[in-house]
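Structural overview
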Amino acid sequence: MLLILPVALWLGYVVIINVMLSTKLMARLISYNPIDASLQYESAWSFWPGVVHVEDLQLSGSDSLLQWAVLLDEVDVDIHLTDLLRKKFYAEDIRAEGFVFRMRLLVDPTSERDLEAPHIEALPPIPNFANPPIKPALPPQRDLENSDEGYNLWTVHLEGVDTTLKEIWIQQVRYAGGGRIRGGFYYKPLRSVRVGPLAMELRSGDVHLADRVAARVDGDLDVTMNTFDPREIDGIDLLDTTWARARLDVALPGVDFIHFYTGEDAEPRVEDGSGELRTNLVINRGKVEPGSSASYATSHLVATASSLRAAVEAGVDLRVGERGEARLEVRVPRATLERPEKGLPPIVVERASAVFDAPELHLMRFPPGFSSKVDVVAAAIPDLRWLNADGAAPDAPRFTGGAAFMRSSLEVDPLGRGSGVLSLLMKQGALRWKETTVKGDAEARIALDAASVLNPAATFRKSRIEIKDLAVEHKGEAWPDWWARIDIDEAKVGRGLMQAAIRLECKDARPAVELLDAEDAIPGWATGLLTMEGLKASATVTRKASDVDFRLLEAQGGNLAIRGRLTKSDGQDPRGAFLVKSGLLSVGIDLAQDGAGVHPLVGDDWVNEQIAALGR
């Protein structure tokens, strides 16, 4: 008799529960309001209390923010039957095959005018819900987001999940492929969400963005999301609840999938970028933890914008050290920049690199106090016509030929102060400006002593520019084999401001005199100004916006000496005064609105007064 009662209870359970399962009465009870929750399946049976085997299961639901669905080919699950009476689907020891998860946010038709737009059509289909998922125009009768009054949405609580993976589709991003998921999940609509600990194996799967294959993935993901209120989470703030480890080997067929977000006609337009991405990242509440690493390499990434086309071979490596310090290295073995419509040979950059160091790396905020170093071993501009601005005025200076080669190194410290060196070599550079043409070679070494990245400004010290074998032509006159050396003792450059203190040594002053149209104003005894062999000079130059102030502190060449000042304001002719000395003789030259004037036998007092009259 003692055995009859348990057997009878068991038989009663088997009969009743299987009748409910076969008639799908249980599914209808859960699906009483299919908008909140809906359960469907092809077949199901149970021979032990709470333990159910289900074929082709579909569980879906929604709230005022989103719609979701879980689909399984088959599952053995221990369901807490009494919890169903409290509108809670609580299941444990879930052994399943063919797991599919889909989730999409509701679309607000007042802000989304085109409901057939690609990003709307790429949302996942959810069983028992229409496409696209339109947010109701009228407010719900129950304000469940802000009040518990009338709250009766179904809660889903899954523990001990172990299932093969078929698909995960969230918004426009879809993973389709092999894998496995182990862990748990808790979801109380509009109130509480908890994920994990969750372990995911991804095996030979494709990641789709809308209709594009964005990546092919093998790897493992471990995710734990602490309990949070979805009403209080906005976008990337979700990371503040998350611990995750991502060990991934990703093959990228290209990166042109970004046009899904930027638009097909947006610039720059990116092509190819195929390569390999590998990660071993640990992220704790947005912070990338010690020991994390990631790398990406591509042999061909192309970006086009307007009339420019850039092609890059690149590698990127991220490492986080034992103390959490992060280093990002970017290597560019070769890059080219083309202007196909102009027919110019491409600019070529070889062996460029950049290193960025930060005391920590956080995905939710900009790294504090980071430093960087950028090196370019070699860059070549094979045709200086590259430097001509499109749409420039007809009388603007324009390069007509020549080539340039460059190497540089720049460092920025944690306070945003930059320093570095630029070395430049120009061969057969040819420039035309109005009635003047110049052609020759030049070398430059520019030393950046201090620069502010946050407030664009820079100071240069101990820099030199050397001009060699320069041929100058002006109004039919020619000066071949001219040379010059310019030493920049100090220079400051900022927004609308340029100041420089320079020292000059050159072959002679004839090109400068001719370009100033001052030859006719020079008396016969001072014709040495046309040559001033071995000229040496020191000067300061200040430019504020369109105003220029040139102060010639001293210039000596041969038996001549000259000093003075020249100023020019926007839209006005230059004004200035210079004193020229030759032994006991001297002459003053002034430049005024009515032309140049000559003042014989004046001295230092005259030029000082003229300089002062030009203002500070």
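Figured I'd write up the structure that's included with this text. (Residues numbered from 1 in each chain as written. Predicted model: local features only at pLDDT ≥ 70, side-chain atom pairs only at ≥ 80, totals over all residues. Heavy atoms only, no water.)

The element strand 6 (residues 155-170) is largely enclosed, with a buried count of 12 among its 16 residues. Taken together, the 12 bridges between strand 5 (residues 88-105) and strand 6 define a ladder with parallel strand orientation. For Tyr90, the partnering residue across the bridge sits in strand 6 and is His157. Judged from the 11 bridges that link them, strand 6 and strand 7 (residues 173-188) form a sheet pairing that is antiparallel. Across the sheet, Glu167 pairs through a bridge with Ala176, a residue of strand 7. What sits between the antiparallel neighbours strand 6 and strand 7 is a turn of two residues, in which Gln171 has the positive phi angle 55°. (Buried < 20%, exposed > 50% of the residue type's maximum accessible area, 1.4 Å probe, protein only. Helix = DSSP H or I, 4+ residues; strand = E, 2+ residues; numbered from the N terminus. Pairing = 2+ DSSP bridges.)

Buried together is how nonpolar side chains tend to be arranged in soluble globular proteins. Trp68, Val75, Phe89 and Ile94 are the most contacted members of the largest nonpolar core, which has 54 residues in total. The element contributing the most residues to this core is strand 4 (residues 66-79), with seven residues. The residues contacting Phe89, other than those within four sequence positions of it, are Ile30, Leu59, Ile79, Leu84, Trp154, Thr155, Val156, His157 and Leu158. Counting 20 residues, the second largest nonpolar core, distinct from the first, contains Trp479, Ala509, Ala555 and Val587. (Core = buried A, V, L, I, M, F, W, Y, C linked by side-chain atoms within 4.5 Å. Contact = heavy atoms within 4.5 Å.)

On a regular strand, one side chain projects to one face of the sheet and the next to the other, so that they alternate. In this structure, strand 21 (residues 436-452) lies alongside strand 22 (residues 457-474), joined through 13 bridges in antiparallel fashion. Each residue of the ladder has a partner; that of Glu443, found in strand 22, is Glu466. Between strand 22 and strand 23 (residues 477-494), which pair antiparallel in sequence order, lie two residues; one of them, Lys475, sits at a positive phi of approximately 50°.

Should their charged atoms come close, side chains of opposite charge can pair. For the coordinates displayed, the defined rule picks out 39 salt bridges. Among the salt bridges present, the one from Asp162 reaches Arg182, with a minimum N-O distance of 3.8 Å. With Asp162 in strand 6 and Arg182 in strand 7, this pair connects stretches of sequence that are 20 residues apart. Overall, Asp162 belongs to the buried group, its relative accessible area being 17%. In the salt-bridge network here, residues are joined through shared partners; they are Arg464, Glu466, Asp487, Asp489 and Arg503. (Salt bridge = Lys/Arg side-chain N within 4 Å of Asp/Glu carboxyl O.)

A separate point is the environment of Asp272. Looking at the secondary structure, you find Asp272 in strand 11 (residues 269-272). Filtering out sequence-adjacent residues up to four positions away, Asp272 remains in contact with Pro253, Gly254, Val255, Asp256, His300 and Leu301. Here the side chain of Asp272 touches His300 through a polar contact of 3.0 Å, side chain to side chain. (Polar contact = N/O pair within 3.5 Å; in protein donor to acceptor, adjacent residues only side chain to side chain.)

There is a patch of like negative charges on the surface, built from Glu42, Asp56, Glu74, Asp76 and Glu97. Within the element layout of this structure, Glu42 appears in the loop between strand 1 (37-40) and strand 2 (43-48). The exposed category is assigned to Glu42, whose relative accessible area is 55%. (Patch = residues over 30% accessible without salt bridge, like charges linked within 9 Å, V, L, I, M, F, W, Y side chains within 5 Å. Areas by Shrake-Rupley, 256 points an atom, 1.4 Å probe, with all protein chains shown as cover. Lys, Arg positive; Asp, Glu negative; His and termini not counted. Charge placed at Lys NZ, Arg CZ, Asp CG, Glu CD.)

For the rest of this paragraph, the subject is the environment of Gly603. Within the fold, Gly603 resides in the loop between strand 30 (595-600) and helix 7 (604-613). When its relative accessible area of 29% is taken as the criterion, Gly603 is described as partly exposed. With 38 residues separating them in the primary sequence, Gly603 and Arg565 have C-alpha atoms 15 Å apart.

One can find Thr241 in the loop between strand 9 (212-228) and strand 10 (242-252). By relative accessible area, which is 11% here, Thr241 ends up buried. Polar side-chain contacts of Thr241 include one of 3.5 Å to the side chain of Thr242. When neighbours within four sequence positions are excluded, Thr241 is seen to be in contact with Thr224, Met225, Asn226, Phe228 and Ile233.

The relative placement of two aromatic rings is captured by the distance of their centres and the angle of their planes. Going through the model one piece at a time under the given rule, you end up with three aromatic pairs. Ring centres of Phe366 and Phe370 lie 5.4 Å apart, and the angle between their planes is 75°; on these two criteria the pair is classed as edge-to-face. A residue is classified by how much of its surface remains accessible, and Phe370, at 27% relative accessible area, is partly exposed. Ring pairing ties together the aromatic residues Trp68, Phe185 and Tyr187, which thus form one cluster. If you follow Lys88 out to its NZ or CZ, it ends over the ring of Tyr90, 5.0 Å from the centre. Geometry around Trp169 places Arg174 over its ring, the cationic atom sitting 5.2 Å from the centre. (Phe/Tyr/Trp six-rings, centres within 6.5 Å; stacked < 30°, edge-to-face > 60°. Lys NZ or Arg CZ within 6 Å of the ring centre and 35° of its normal.)

Read these as spatial facts, not as claims about activity.
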